[in-house]
Amino acid sequence: MTDDQNEIDASRAPLLDHLIELRRRLLYCIAALIVAFGVSYYFAENIFAFLVQPLLSAGQKTLIYTQIFEAFFVKVKVAFFAAMMIAFPVIANQLWQFVAPGLYRKEKRALLPFLLATPILFVAGAALAYYMAIPMALHFLLSFQGNIGGVQQEALPGIGNYLSFVMQFLFAFGLAFLLPVLLMLLERAGIVTRKQLIGARRYAIVGATAIAAVLTPPDLMSQVLLAVPLIVLYELAIIGIWFTERKRSKEAGTDIVEA
């Protein structure tokens, strides 16, 4: 019996113990989320002030709300989104602590880099959205103000609509940047192969363009800013899979020699 099998056998437990362990991990996640929400709610105005900077840079200095509770709910949403970001490392760690005992040592080494890369890639995508895509989209959308046929057209965005607009961009770009992680996990699970991904390259380009058209405003620059990174990340995933294939083949060759 190998060391990996001994490690798995040592971690076996009755179903009830697994459920108790799952409840304990979920309670840790909920507690982390509640604490993060409390802190985020206290600083919600500062966080929202950060989110409105692209709007101020675009020359729009007024946000309105037309429903009595809208401003309050926006503050709650801002706090909740910030709490999810802050608590994510704790949630991911608790998920890993629950799953890891059931994995072989090689599986742990394979999955841990993906877990670590997920928040980094998400933040990178959100940063691209905040510093480039959102300002360009706002400049385009606010350019329709002015005198049209003798009527003065003025933008008065609602505070709730603006928050939804920003969050749509942040999450769309953040999730899009997780494409390499998704593709490499699918390859690791045997669902797709590198050759299949190479053969589907033209469809991936069309899909990236379609996703960008759906998730961004109709201005060309915003769509390009999402479509191009998606295509590049697709290619990076293929390269990453090639490296992992080489590593696995070397390890397999070593195992054969040791055997």
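This text goes with the structure placed above it.
Computed from a prediction, not measured in an experiment: that's the story for all the values here.

Calculation rules
Residues numbered from 1 in each chain as written. Predicted model: local features only at pLDDT ≥ 70, side-chain atom pairs only at ≥ 80, totals over all residues. Heavy atoms only, no water. Axes fitted to C-alpha atoms, helices over the stretch in contact; angles between N-to-C directions. Helix = DSSP H or I, 4+ residues; strand = E, 2+ residues; numbered from the N terminus. Parallel < 35°, antiparallel > 145°, perpendicular 65-115°, else oblique. Left-handed = near helix turned anticlockwise from the far one by under 90°. Contact = heavy atoms within 4.5 Å. Nonpolar A, V, L, I, M, F, W, Y, C, P; charged D, E, K, R; others polar. Core = buried A, V, L, I, M, F, W, Y, C linked by side-chain atoms within 4.5 Å. Buried < 20%, exposed > 50% of the residue type's maximum accessible area, 1.4 Å probe, protein only. Salt bridge = Lys/Arg side-chain N within 4 Å of Asp/Glu carboxyl O. Phe/Tyr/Trp six-rings, centres within 6.5 Å; stacked < 30°, edge-to-face > 60°. Expected span 1.5 Å × (residues − 1). Bend = angle between axes of the 7 residues up to and from the residue.

Participant: It is not clear to me how the packing of helix H5 (residues 70-99) against helix H7 (residues 159-176) should be interpreted in this structure. Could you clarify?
Facilitator: A pair of packed helices is characterised by two quantities: the angle between their axes and the separation of those axes. Direction vectors running N to C along H5 and H7 enclose 20 degrees, while the axes themselves pass 9 Å from each other. What the angle tells us is that H5 and H7 run roughly parallel. Crossing of H5 over H7 shows left-handed handedness. Residue-level inspection shows Glu70, Val74, Lys77, Val78, Phe81 and Met85 of H5 in contact with H7, the latter providing Ile159, Gly160, Asn161, Leu163, Met167 and Phe171. Class assignment for the residues of the contact of H5 with H7 results in 8 nonpolar, 2 polar and 2 charged.

Participant: Just to check I follow, could you spell out the nonpolar core for this structure?
Facilitator: Nonpolar side chains tend to gather and get buried jointly when the protein is soluble and globular. Judged by nonpolar contacts, the single largest core of 49 residues is most densely connected at Phe48, Tyr162, Phe165, Phe169, Leu170 and Phe173. Among the elements that line this core, the one with the most residues is helix H6 (residues 105-142), at 12 residues. Residues contacting Tyr162, with those up to four places away along its chain left out, are Phe48, Leu51, Val52, Pro54, Leu55, Leu63 and Leu138.

Participant: Help me understand the pattern of salt bridges, please; the structure alone is not making it clear to me.
Facilitator: Where charged atoms of side chains with opposite charge meet at close range, the side chains can pair. This model, assessed by the stated rule, comprises 4 salt bridges. Here Glu21 and Arg25 are joined by a salt bridge, their closest N and O atoms 2.7 Å apart. One end of the pair, Glu21, and the other, Arg25, are both in helix H2 (residues 15-42), 4 residues apart, so they sit about a helical turn from each other. Relative accessible area serves as the criterion here: at 21%, Glu21 is assigned to the partly exposed category.

Participant: Explain the packing of aromatic side chains here, please?
Facilitator: Tallied over the entire structure, the rule returns 14 aromatic pairs. Each ring, one from Phe50 and one from Tyr130, has its centre 4.4 Å from the other, and the planes form 10 degrees; the classification is stacked. Here Phe50 is found in helix H3 (residues 44-51), whereas its partner Tyr130 is found in helix H6, with 80 residues between them in sequence. Consider the rings of Phe140 and Phe144, whose centres lie 5.5 Å apart with planes at 85 degrees: the pair is edge-to-face. Relative accessible area serves as the criterion here: at 28%, Phe140 is assigned to the partly exposed category. Residue Phe144 is classed as partly exposed on the basis of its relative accessible area, which comes to 46%.

Participant: Before we go on, may I ask you to explain the environment of Ile91 in this structure?
Facilitator: Along the chain, the position of Ile91 falls in helix H5. The class of Ile91 is partly exposed, set by a relative accessible area of 27%. Between the alpha carbons of Ile91 and Cys29 there is a distance of 5.2 Å; along the sequence they are 62 residues apart.

Participant: Explanation requested: H5 in the structure shown.
Facilitator: Two residues of an α-helix separated by three or four positions point the same way, owing to the 3.6 residues in each turn. Relative to the 44 Å expected for 30 residues at 1.5 Å per residue, H5 spans 40 Å between its end C-alpha atoms, a close match to the ideal helical length. Taken as a whole, H5 carries its principal kink of about 50 degrees at Ala87; the proline Pro89 stands between one and four residues after it. Within the sequence span of H5, burial applies to Glu70, Val74, Val78, Ala79, Ala82, Ala83, Ala87, Ala92, Gln94 and Trp96.

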